[in-house]
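# Descriptive analysis of the structure
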Amino acid sequence: MAAAGGELAYDAAHAAPVIAGAARDGGAAEAEPAMPAGGAGCHAGAAELARAARAAGGSELLDRLAADYPRGPHDQPQSMCPAFGSLRVGLRMRRVATVLSGSACCVYGLTFVSHFYGARRSVGYVPFNSETLVTGKLFEDIREAVHLLADPDRYDAIVVTNLCVPTASGVPLKLLPAAINGVRIVGIDVPGFGVPTHAEAKDVLAGAMLAYARAEAEAGPVAAPAGGRGERPTLALLGEMFPADPVMIGAMLAPMGLAAGPVVPAREWRELYAALDGIGVAAIHPFYSAALREFAAAGRPAVGSAPVGHDGTAAWLSAVGDTFGIAAARVAAAQNAFLPAIRAALSAAPVKGTITLSGYEGSELLVARLLVECGAKVAYVGTACGRTEASRADREWLEARGVTVRYRASLEDDCAAVEAVRPDLAIGTTPVVQKAKERGIPALYFTNLISARPLMGPAGAGSLQEVVNASIGNGGRMERMRAFFEGVGAGETAGVWEGQPNLQPQFRALHLKKLEKRRRAEQAEEMI
């Protein structure tokens, strides 16, 4: 610690240049904080928060997020807070601490969901109020927190995440020291008004960590993989997968003289070095724009799609061979070793029925490809993630077979597909599954029942066929349940009533008028 102008200082952050915000109309100097001092910023809406962030000097950040995760046709898909994705990545890494800076209600929700999904460590939190937010004291509190937390015996890195309000207020995490006592400090902004989905928030952190690791590797020697470096060149794998899938991919690559490298997002910091040390990266999940940018900067080419199904596996192995100059005979050996077994698995228990599929994990197109090869008629695929070059091969393959592919699909899109198609099985998010079951249509929750299964190789086909065929076979049971509960009402009239439900339609009409008035006001603000 050192004294800087009479103030106790931990580092040289006080000497950093101040970022000037955008001038207000008329060129007047900024005389008021970007966020209201009353602390109502968290309820101001996405447009106002984005405006405040730009006024606080965050234009570069928002422009980069918009380029990496383009919106449209609507503002933002309806899914959980995006910061859950980056928080989960940090919590799953060994020797990594996570600290959140945001509204208390947001932090409570994020910690609750993360522990619901099996997090086994605490989440750090730096609270704030209107005064600490607008005076800059919040940044000082964050800096003090990371100094107190930076214990090299416990941590390799500390991840500090700004949520919506600190991002909109311009809390400058980039001014935090790069390392404290040998512990890396990684600061990221994951605002709900800039990152559309929790899947893409995983990329925000993965990209930031890869950038840090790449700079370390370029500066000098770094830690080797825990098991040492192998003899064969490796191909890093991008995207969270079922644990058996990387093993299967490694087996497919072996006849080509390659090995599967680490999976990114990684489970340990040194795995980032090993991922960058490979000959390239397989973008199994196609939405990792920031991570792919870091691999490209390191001179590592990328291969899109994944080895799913017979056609997908054949095309992917050929793409790997073409990209990395593998001899045609070796590519053919890999294909001959696995394609017959995959074809046999696909034909063992074919799926017969029409399916609509939607989700927000980013693997929806891969699952749809596998379902089509299993024999299903997939009418619609909706993904909350954006359209990227890495997903082009899957999209073109599906569209060539009459499948409607919708990027940035909204809940309304997904539900409309179920209503229009009336499928034998609806795979989707919780509200889509609920809507389908209300209509007597069998349905499966994508995140827990589909994406948490192996997809690659013969095991992928067999695993998916089992659960899908069993669910389609429950169609008769769903109809009997629907008939049994017929007449008990729906929505606010559900249940058994002694008299008539006490409906108050005037209250609903008044509430709808208030919502419409608020919507018009927000549109007017956006036009100004």
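Here's what I pulled together on the structure shown here. (Residues numbered from 1 in each chain as written. Predicted model: local features only at pLDDT ≥ 70, side-chain atom pairs only at ≥ 80, totals over all residues. Heavy atoms only, no water.)

### Some points on the overall build of the chain
What the chain contains, in helices and strands, is 21 helices and 16 strands. When the 528 residues of the chain are sorted by exposure, 48% land in the buried category. By element, 55% of the accessible surface of the chain is carried by carbon and sulfur atoms, the whole surface being about 24800 Å². (Helix = DSSP H or I, 4+ residues; strand = E, 2+ residues; numbered from the N terminus. Buried < 20%, exposed > 50% of the residue type's maximum accessible area, 1.4 Å probe, protein only. Areas by Shrake-Rupley, 256 points an atom, 1.4 Å probe, with all protein chains shown as cover.)

### Points about the sheet that holds strand β12 (residues 354–359)
The parallel open sheet is built from 5 strands, whose spatial order is β14-β13-β12-β15-β16. A strand with exactly one partner marks an edge of an open sheet, and here the two such strands are β14 (404–407) and β16 (443–445). If you compare each strand with its neighbour and ignore which way they point, the axes differ by 10° on average. (Pairing = 2+ DSSP bridges. Axes fitted to C-alpha atoms, helices over the stretch in contact; angles between N-to-C directions.)

### Observations concerning helix α4 (residues 104–116)
The first and last C-alpha atoms of α4 sit 18 Å apart over 13 residues, in line with the 18 Å expected at 1.5 Å per residue. Where α4 is buried, its residues touch α3 (83–91), β3 (96–101) and β4 (124–125). Looking one or two residues beyond α4, the residue adopting positive phi is Gly-118, at roughly 100°. (Expected span 1.5 Å × (residues − 1). Contact = heavy atoms within 4.5 Å.)

### Details of the packing of aromatic side chains
Inspection of the entire model under this criterion finds 3 aromatic pairs. Relative to Tyr-288, the ring of Phe-287 has its centre 4.6 Å away and its plane inclined at 25°; by these criteria the two rings are stacked. Classification of Phe-287 as buried rests on a relative accessible area of 2%. Of the residues examined, Tyr-288 reaches a relative accessible area of 0% and is grouped as buried. (Phe/Tyr/Trp six-rings, centres within 6.5 Å; stacked < 30°, edge-to-face > 60°.)

### Some points on the packing of helix α9 (residues 244–253) against helix α13 (residues 328–348)
As a packed pair, α9 and α13 sit with axes 8 Å apart at the nearest point and diverge in direction by 130°. Classified by the interaxial angle, the pair formed by α9 and α13 is oblique. Of α13, the residues touching α9 (which contributes Met-248, Ala-251 and Met-252) are Ala-334, Phe-338 and Ile-342. Of the residues contributing to the contact of α9 with α13, the split by class is 6 nonpolar, no polar and no charged. (Parallel < 35°, antiparallel > 145°, perpendicular 65-115°, else oblique. Nonpolar A, V, L, I, M, F, W, Y, C, P; charged D, E, K, R; others polar.)

### A closer look at a nonpolar patch on the surface
A contiguous nonpolar surface patch, about 420 Å² in accessible area, is contributed by Tyr-108, Phe-112 and Phe-116. If you trace the backbone, Tyr-108 turns up in helix α4. (Patch = residues over 30% accessible without salt bridge, like charges linked within 9 Å, V, L, I, M, F, W, Y side chains within 5 Å. Salt bridge = Lys/Arg side-chain N within 4 Å of Asp/Glu carboxyl O.)

### What about α9?
For α9, the tally of buried residues reaches 7 of 10 residues, placing the bulk of the element in the interior. Among the residues of α9, those classed as buried are Asp-245, Pro-246, Met-248, Ile-249, Gly-250, Met-252 and Leu-253. In this structure, the buried side of α9 is in contact with β8 (234–238), β9 (259–264), α12 (309–324), α13 and α19 (457–472).

### Here's the deal with the pattern of salt bridges
Considering all chains together, one arrives at 25 salt bridges under this definition. The closest approach of N and O atoms between Arg-54 and Asp-63, which form a salt bridge, is 3.0 Å. Among the charged side chains, a network of salt bridges with common partners joins Glu-419, Lys-435, Glu-438 and Arg-439.

### Considering the layout of surface pockets
The calculated volume of the second largest pocket comes to roughly 770 Å³. Of all the elements in the fold, those that place two or more residues in the lining of the second largest pocket are α9, β9 and α18 (446–450). For the lining of the second largest pocket, the element with the highest residue contribution is β9, accounting for 4 residues. (1 Å grid on protein atoms, 1.4 Å probe; cavity = no way out; pocket = protein on both sides within 12 Å on 5 of 7 lines; lining within 4 Å. Points joined across faces, edges and corners; volume = space filled by probe spheres on them.)

### Points about unusual backbone geometry
Here the amide bond leading from Val-264 into Pro-265 is cis, since omega sits at 10°, within 30 degrees of zero. Positioned with a positive phi, Ser-305 is a non-glycine residue whose angle comes to about 65°. Within the secondary structure layout, Ser-305 lies in the loop between β11 (302–304) and α12. Located in the positive-phi region is Arg-422, a residue other than glycine, with phi close to 50°. Residue position: Arg-422 is located in the loop between α16 (411–421) and β15 (425–428).

### With respect to the nonpolar core
Met-209, Trp-269 and Phe-295 are the most contacted members of the largest nonpolar core, which has 57 residues in total. If one sorts the elements of this core by residue count, helix α8 (residues 198–219) sits on top with 9 residues. In this structure, Trp-269 is in contact with Met-93, Asp-156, Ala-157, Arg-184, Val-186, Met-209, Tyr-212, Ala-213 and Glu-216, ignoring residues within four places of it in sequence. Of all hydrophobic cores here, the second largest spans 56 residues; its members include Val-303, Trp-316, Leu-317 and Ala-461. (Core = buried A, V, L, I, M, F, W, Y, C linked by side-chain atoms within 4.5 Å.)

### Some points on the environment of Arg-184
Position of Arg-184 among the secondary structure elements: in strand β7 (residues 183–189). The class of Arg-184 is buried, set by a relative accessible area of 14%. The sequence separation of Arg-184 and Ala-150 amounts to 34 residues, and the corresponding C-alpha distance is 8.4 Å. Not counting residues within four places of it along the chain, the set of residues in contact with Arg-184 comprises Asp-156, Ala-157, Ile-158, Ala-178, Ala-179, Tyr-212, Glu-216, Trp-269 and Tyr-273. Polar side-chain contacts of Arg-184 include one of 2.9 Å to the backbone oxygen of Asp-156. (Polar contact = N/O pair within 3.5 Å; in protein donor to acceptor, adjacent residues only side chain to side chain.)

### Some points on the packing of α3 against α4
Across the interface, α3 lies against α4 with an axial gap of 10 Å and an inter-helix angle of 50°. Put simply, α3 runs oblique to α4. Like other packed secondary-structure pairs, α3 and α4 cross with a definite hand, here right-handed. In contact with Ala-83, Phe-84, Leu-87 and Leu-91 of α3, α4 contributes Leu-110, Val-113 and Ser-114. (Left-handed = near helix turned anticlockwise from the far one by under 90°.)

### A short note on the pairing of β14
In β14, alternate side chains face the same way, and those of Val-405 and Tyr-407 are buried while those of Thr-404 and Arg-406 on the opposite face are not. Handedness of the crossover joining strand β13 (residues 377–383) and β14 through helix α15 (residues 392–399) is recorded here as right-handed. (Right-handed = clockwise from strand over helix to strand, strands pointing away.)

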